[in-house]
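Tertiary structure, described
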Amino acid sequence: MPTRRCPPIALPTALPTAFIGAASLLLSACDSDPAEPPPLSEEALAAIAPDPGAPNDQLARQLDELFTNDAVGETRAAVVMHGGQIAAERYADGYTADTRFVSWSMAKTVTAVMIGMLVADGKLSLDESPPIPRWQRPGDPRGEITLRQLLQMRAGLRHTEAGNPPYESSEVRMLFLDGRDNMADYATSQPLEAEPGREFEYSSNTTVILADIAARVLTDGSDDPETRRKAVAEFLEARMFGPLGMESMVPEFDAAGTLVGGSLIHGTARDWGRFGDFLRNEGSYRGSQLVPRSWIAFMTEPSPASGFYGGQTWLNRESGIDRDDSLVDRGPETLFAAVGHMGQYVLVSPSQKLTLVRLGHSDQEERKALIAEMLDVVELYPET
């Protein structure tokens, strides 16, 4: 690194001695080298693959920030995939490549892919009312809700995602209180609070309705919990997890046999990376088209009610992906993400052939700093 040099300055002898001393100190600083970043630890360097697709030291340093910068919260795992290969991988103490991490709301994007497979199979239609018995009763206005509107979080059902106090929120009541044994029954029983299709409202309960729809389609409407659980678990394994090699995945079901499709699917960081890379490849894996390309396009296009949300997927626009105003111009516009509670992320950038997984624990304020650090990683990779 070059040494800074300042031009010579002649100081008048009539100036006060204190002034001359201060000026001399300032000039002497010009001869010193600027502060260099601290050397990278062995752990930071070891996390980077031999040919990661970005400058090795810069990638090591930016990934290291995810683990050492206290402002981002606690990072437990990070995986960078470039061109389908692991470019970097690191774990905090107590976590390994075999650790299963809870998805929280990243599960929503998995549920959307499952629904897309059923649409491709001809068992569901995007613009028709889904097979929910209570909505099909004559005169029930919820019969106007379409599958498309559910996927885009604009069904119009009464909902509060994050209440104050928390136990009054619709999500908490469904997951942990009066709705926990039959989550779909709780979610589908909510009345309309807006005209279907008009307004965006993020809702974990809506994704449970989608999971219930999948169970109904796969079991011809069975209400038997074990039949429902088995049908959905086998479908996910046969059509998604198995073909993608996502061997660690463990989906959770409620007592009624409904997949907790908005919150609770467990898997390793590598398997979450495989899922992100599958989305990056437009639903294709090793030459097999597991879900139509048009479905991934639907999931990653803005909905009519929200520029930053597609089909159970966050988009890199406006306030999407937890960004604040300081990050509005960062990252490719085509970047999208599966995002989970407390800082679970699968960032996908097709134009950079890039998938970035970050799993851990960060509160709302920490996630602002975390997003900036993750975008530092993303921006090391050129668009192609």
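Criteria and cut-off values
- Residues numbered from 1 in each chain as written.
- Predicted model: local features only at pLDDT ≥ 70, side-chain atom pairs only at ≥ 80, totals over all residues.
- Heavy atoms only, no water.
- Core = buried A, V, L, I, M, F, W, Y, C linked by side-chain atoms within 4.5 Å.
- Buried < 20%, exposed > 50% of the residue type's maximum accessible area, 1.4 Å probe, protein only.
- Contact = heavy atoms within 4.5 Å.
- Helix = DSSP H or I, 4+ residues; strand = E, 2+ residues; numbered from the N terminus.
- 1 Å grid on protein atoms, 1.4 Å probe; cavity = no way out; pocket = protein on both sides within 12 Å on 5 of 7 lines; lining within 4 Å.
- Points joined across faces, edges and corners; volume = space filled by probe spheres on them.
- Axes fitted to C-alpha atoms, helices over the stretch in contact; angles between N-to-C directions.
- Parallel < 35°, antiparallel > 145°, perpendicular 65-115°, else oblique.
- Nonpolar A, V, L, I, M, F, W, Y, C, P; charged D, E, K, R; others polar.
- Pairing = 2+ DSSP bridges.
- Salt bridge = Lys/Arg side-chain N within 4 Å of Asp/Glu carboxyl O.

Moving on to the nonpolar core. Core analysis: the largest hydrophobic core is formed by 69 residues, its most contacted members being Leu151, Ile213, Met240, Trp272 and Phe275. Look past the residues within four positions of Ile213 in its chain and what remains in contact with it is Leu124, Pro130, Pro131, Ile132, Leu147 and Leu150. Listed in part, the 36 residues of the second largest apolar core include Ala60, Ala92, Ile371 and Val378.

Located in the positive-phi region is Met153, a residue other than glycine, with phi close to 60°. Tracing the sequence through the fold places Met153 in the loop between helix H5 (147–151) and helix H6 (170–176). One non-glycine residue, Arg286, adopts positive backbone phi at about 50°.

The next subject is empty space enclosed by the protein. If you walk through the whole model with that rule in mind, you get 3 cavities of 30 Å³ or more. By volume, the largest cavity is sized at about 100 Å³. Along its surface, the largest cavity is lined by 13 residues, and Ala155, Leu157, His159, Ser203 and Thr206 are the ones closest to its centre. When residues in the lining of the largest cavity are grouped by element, the largest group, 3 residues, is from helix H8 (residues 204–218).

Two numbers describe how H8 lies on helix H9 (residues 225–244): the axes approach to 9 Å, and their chain directions differ by 100°. When the axis of H8 is compared with that of H9, the two are roughly perpendicular. Counting all contacts with H8, which are made through Asp212, Ala215, Arg216 and Leu218, the residues of H9 involved are Arg228, Ala231, Val232 and Phe235. Its residues placed into classes, the contact of H8 with H9 shows 5 nonpolar, no polar and 3 charged.

Let us look at the pairing of strand S10 (residues 344–349). Regular strands place their side chains on alternate faces of the sheet. Within S10, 6 of the 6 residues are buried, which leaves the element mostly enclosed by the surrounding structure. Side chains Gln344, Val346 and Val348 of S10 all project onto a buried face; the interleaved residues Tyr345, Leu347 and Ser349 project onto the opposite face, where all are buried too. Here strand S9 (residues 336–340) runs beside S10; their pairing, made up of 5 bridges, is antiparallel. Residue pairing in the sheet places Ala338 in a bridge with Val346 of S10. The antiparallel hairpin formed by S9 and S10 contains 3 residues in its connecting segment, where Met342 sits at a positive phi of about 65°. Note that S10 and strand S11 (residues 354–361) share 5 bridges and pair antiparallel. Note on S11: the bridge partner recorded for Val346 is Val357. Here S10 hands over to S11 after 4 residues, with Lys353 in that stretch at a positive phi of 55°.

Under the defined criterion, the tally for this structure stands at 21 salt bridges. The shortest N-O distance in the salt bridge between Arg280 and Asp277 comes to 2.9 Å. In this pair, Arg280 and Asp277 both sit in helix H10 (residues 269–280), 3 residues apart, roughly one turn of the helix. The buried category is assigned to Arg280, whose relative accessible area is 12%. With a relative accessible area of 8%, Asp277 lands in the buried category.

Another aspect to go through is the sheet that holds strand S1 (residues 74–82). Across the sheet, which stays open at both edges, the 6 strands sit in the order S2-S1-S11-S10-S9-S8 with antiparallel pairing between neighbours. The two strands at the open ends of the sheet, each matched to only one other strand, are strand S2 (85–91) and strand S8 (314–315). Of the pairings in the sheet, the one linking S1 to S2 comprises 6 bridges and is antiparallel in character. Residue pairing across strands places Met81 opposite Ile86, the latter belonging to S2. Relative to S11, H10 is tilted by about 145°, and along the sheet it contacts S1, S2, S9, S10 and S11. Packing against the sheet, helix H12 (residues 364–378) makes contact with S1, S10 and S11, and its axis sits at approximately 155° to S11.

For the rest of this paragraph, the subject is the sheet that holds strand S3 (residues 101–102). The 3 strands lie next to each other as S3-S5-S4, forming an open sheet whose pairing is antiparallel. Each of the sheet's edge strands pairs with one partner strand only, and the pair in question is S3 and strand S4 (250–251). Across 2 bridges, the pairing between S3 and strand S5 (residues 265–267) is antiparallel. Directly across from Phe101, in S5, lies its bridge partner Gly267.

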